[in-house]
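The lines below spell out each chain.
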Amino acid sequence: MLSQLARLSTEADGRYATAEELQFLKDYFQSLNHRMSAYKKIQAAEKEIIRQVEAQMQSLDPSLFRRGSQDVTAKWRVDALRVLRHSAAALLINDTERLRDRLLLWFQTILGAFQARNSSAVTYDVMKKVLKQYLTAEEASLFIPILDINRTVLGK
């Protein structure tokens, strides 16, 4: 939303915005209650969400948390929690552009250097399944596309 507001400010400079240009505001305010509810649920359950994602990933393939002989589980937890928090913020303010530009593109480079992109793809696939247990269908419909962006940018 912040990115869209900045763009609108530039594009409509010196004139009134059209109804089409203002539509994103109507859409945002219609979804605000679901966004706030999902944000609060994710905030309250973040540790359990990360724990469940980790457990499911371990059961799928324990090697996802290994880089050679090194166990990177603790690092994965920190990174997954950071991306989850930023994703929840993007949900709240409806601004995936900001998420992509300020976190995901930078983090993509880091993951590539550490050859961790496969575990990232699995992380966001599993996280989608886990989060559906915490969110209503309406809330999930707003948040799952953000997890898909995370998977696309950070995964393979």
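Look a little higher up for the structure.
Residues numbered from 1 in each chain as written. Predicted model: local features only at pLDDT ≥ 70, side-chain atom pairs only at ≥ 80, totals over all residues. Heavy atoms only, no water.

Trainee: Just give me the short version of the overall build of the protein, but keep the residues and values in it.
Mentor: Along its length, the protein carries six helices and two strands. Taken from the N to the C terminus, the helices and strands of the protein come in the order α-α-β-β-α-α-α-α. Summarising its shape, the C-alpha atoms of the protein cover approximately 60 × 35 × 20 Å along the three principal directions. Here the protein holds 156 residues, and the buried ones make up 40% of them. For the protein, contacts bridging at least 24 residues in sequence account for 74% of all contacts bridging at least 6. Taking the 23 positively charged and 18 negatively charged side chains of the protein as two groups, their mean positions are separated by 6 Å. (Helix = DSSP H or I, 4+ residues; strand = E, 2+ residues; numbered from the N terminus. Buried < 20%, exposed > 50% of the residue type's maximum accessible area, 1.4 Å probe, protein only. Contact = heavy atoms within 4.5 Å. Lys, Arg positive; Asp, Glu negative; His and termini not counted. Charge placed at Lys NZ, Arg CZ, Asp CG, Glu CD.)

Trainee: Provide a residue-level description of the environment of G155, including the pertinent values.
Mentor: Counting through the fold element by element, G155 comes out in the segment after α6 (137-154). Note on G155: relative accessible area 0%, which makes it buried.

Trainee: Explain the packing of helix α2 (residues 19-60) against α6 to me, using residue names and the numbers behind them.
Mentor: Two elements in contact, α2 and α6, have axes whose closest approach is 9 Å; the angle formed by their N-to-C orientations is 85°. Taken together, the axes of α2 and α6 lie roughly perpendicular to each other. For the pair α2 and α6, contact is made by S31, H34, R35, S37, A38, K41 and I42 and by E138, E139, L142 and F143, respectively. Residues that form the contact of α2 with α6 fall into these classes: four nonpolar, three polar and four charged. (Axes fitted to C-alpha atoms, helices over the stretch in contact; angles between N-to-C directions. Parallel < 35°, antiparallel > 145°, perpendicular 65-115°, else oblique. Nonpolar A, V, L, I, M, F, W, Y, C, P; charged D, E, K, R; others polar.)

Trainee: Could you give an account of the packing of α2 against helix α3 (residues 73-93), naming the residues involved and the relevant values?
Mentor: Closest axis-to-axis distance for the α2/α3 pair is 8 Å, and the angle between their directions is 170°. Put simply, α2 runs roughly antiparallel to α3. Within the contact of α2 with α3, the residues separate by chemical class into 18 nonpolar, two polar and five charged.

Trainee: Describe the packing of aromatic side chains, naming the residues involved and giving the relevant values.
Mentor: Under the counting rule described, the total for this entry stands at three aromatic pairs. Seen in terms of ring centroids, F65 and W76 are 5.1 Å apart; in terms of plane orientation they differ by 85°. Their pairing is edge-to-face. Linking F65 in the loop between α2 and β1 (66-67) with W76 in helix α3, this pair joins segments that are 11 residues apart in sequence. Taken individually, F65 and W76 each receive the classification buried, so the pair is uniform in this respect. (Phe/Tyr/Trp six-rings, centres within 6.5 Å; stacked < 30°, edge-to-face > 60°.)

Trainee: Give me the lowdown on unusual backbone geometry, citing residues and values where you can.
Mentor: Only a minority of non-glycine residues have a phi that is not negative, and only a minority of peptide bonds are not trans. For N94, which is not glycine, the phi torsion reads 50° and is therefore positive. Taking relative accessible area as the criterion, N94 reaches 25% and is therefore assigned partly exposed.

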